[in-house]
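Here is how the chains run, residue by residue.
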Amino acid sequence: MRTVIFRVMAPYLTSLMFLFSLFVLLRGHNEPGGGFIGGLISASAIAVYGMAVGVESVRRALHFHPIAYAGFGLIMATLAGFASIFLGYPFMTGLWWFPQFLGEPPISTALFFDIGVYLVIVGSISSIALSLEERLSLIHI
């Protein structure tokens, strides 16, 4: 499915999907969405781009293996859960920080947990999608 129209439109569609996944990720703690749904949208964007331009181009664009993103996300989500223990609170207790820049946006451990889940989903689903696309492209050669 590498038609000219699809190859031309795929980068634009992928960019829009990534932006929407970040929107869903960042609003997810207070409204529907979050790291899981945002990660699925982002992994879908990577799969669409892989179908359009090929797996090797996607692997070069990612810079690291997708499983490395999943591993980093798992470490990030775990550390977000343990941050409360270091301050004397129960595991996974939400902590908030109000920095004095950019209008004082509140930053919480729940945000870091959601980002970790986002990276785990993006890494694992992208790894599966890219390996399936590689196998499919070998069959059609």
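Above this note sits the structure.
Source: prediction; values computed, not measured.

**Q** I'm lost on the overall build of the protein in this one. Help?
**A** Scanning the protein from terminus to terminus reveals five helices and two strands. In the protein, the succession of helices and strands from N to C terminus is α-α-α-α-β-β-α. Classification of the 141 residues of the protein by burial places 34% in the buried group. Put simply, 68% of the contacts in the protein that link residues at least 6 apart link residues at least 24 apart. For the protein, the exposed area adds up to about 9,000 Å²; of that, 74% sits on carbon and sulfur atoms. Positive and negative charge centroids in the protein, built from 6 and 6 side chains respectively, lie 14 Å apart.

**Q** What am I meant to see in a nonpolar patch on the surface here?
**A** On the surface, Phe82, Ile85, Phe86, Leu87, Tyr89, Phe91 and Met92 cluster together to form a nonpolar patch covering roughly 760 Å² of accessible area. For Met92, the position within the fold is in the loop between α4 (66-86) and β1 (96-97).

**Q** Help me out: how do you make sense of the packing of aromatic side chains in this one?
**A** Describing an aromatic ring pair means giving the distance of the ring centres and the angle of the ring planes. Taken as a whole and judged by the stated rule, the model has three aromatic pairs. Taken together, a centroid distance of 6.0 Å and an interplanar angle of 75° make the contact between Phe64 and Tyr69 edge-to-face.

**Q** Just checking my understanding: could you explain the side chain of Thr109 for this structure?
**A** With respect to the helices, strands and loops of the structure, Thr109 is situated in helix α5 (residues 109-139). Note on Thr109: relative accessible area 14%, which makes it buried.

**Q** What's the story with the environment of Phe36 in this structure? I'm lost.
**A** Here Phe36 is to be found in helix α2 (residues 35-53). Look past the residues within four positions of Phe36 in its chain and what remains in contact with it is Val117 and Ile121.

**Q** Explain the environment of Ser42 to me, please; I cannot follow it from the model alone.
**A** You can see Ser42 is positioned in helix α2. Each C-alpha atom, one on Ser42 and one on Ile115, is 12 Å from the other, the two residues being 73 residues apart in sequence. With residues near it in sequence (within four places) discarded, Ser42 still touches Phe18, Ser21, Tyr118 and Val122.

Rules and cut-offs
- Residue positions are given per chain, counting from 1 as you read along its sequence in written order.
- Owing to the predicted nature of the model, reporting of local features is limited to residues with pLDDT of at least 70; listing and counting of side-chain atom pairs is limited to 80 or more, with chain, interface and lining totals taken over all residues.
- Each side-chain value is derived from all of the structure's non-hydrogen atoms; neither hydrogens nor water enter the calculation.
- Secondary structure is summarised from DSSP: a helix means a run of H or I of at least four residues, a strand means a run of E of at least two, and numbering begins at the N terminus for each.
- In this scheme, a residue with accessible area under 20% of its type's maximum is buried, one over 50% is exposed, and one in between is partly exposed, where area comes from a 1.4 Å probe on protein chains only.
- Residues count as neighbours in contact if any of their non-hydrogen atoms are within 4.5 Å of one another.
- Note on areas: these come from Shrake-Rupley sampling with a 1.4 Å probe, and a residue is covered only by the protein chains present in the view.
- Positive charge is attributed to Lys and Arg, negative charge to Asp and Glu, and no charge count is given to His or to the chain ends.
- To locate a charge, take atom NZ for lysine, CZ for arginine, CG for aspartate or CD for glutamate.
- Patches in this entry comprise residues that are over 30% relatively accessible and not in a salt bridge; like charges within 9 Å are linked, as are nonpolar side chains (Val, Leu, Ile, Met, Phe, Trp, Tyr) within 5 Å.
- Put simply, a salt bridge is a Lys or Arg side-chain nitrogen that is within 4 Å of an Asp or Glu carboxyl oxygen.
- Note on aromatic contacts: the rings of Phe and Tyr and the six-membered ring of Trp form a pair at centre separations within 6.5 Å, being stacked when their planes are under 30 degrees apart, edge-to-face when over 60 apart, and tilted otherwise.

The values reported here are purely geometric and, on their own, carry no functional implication.
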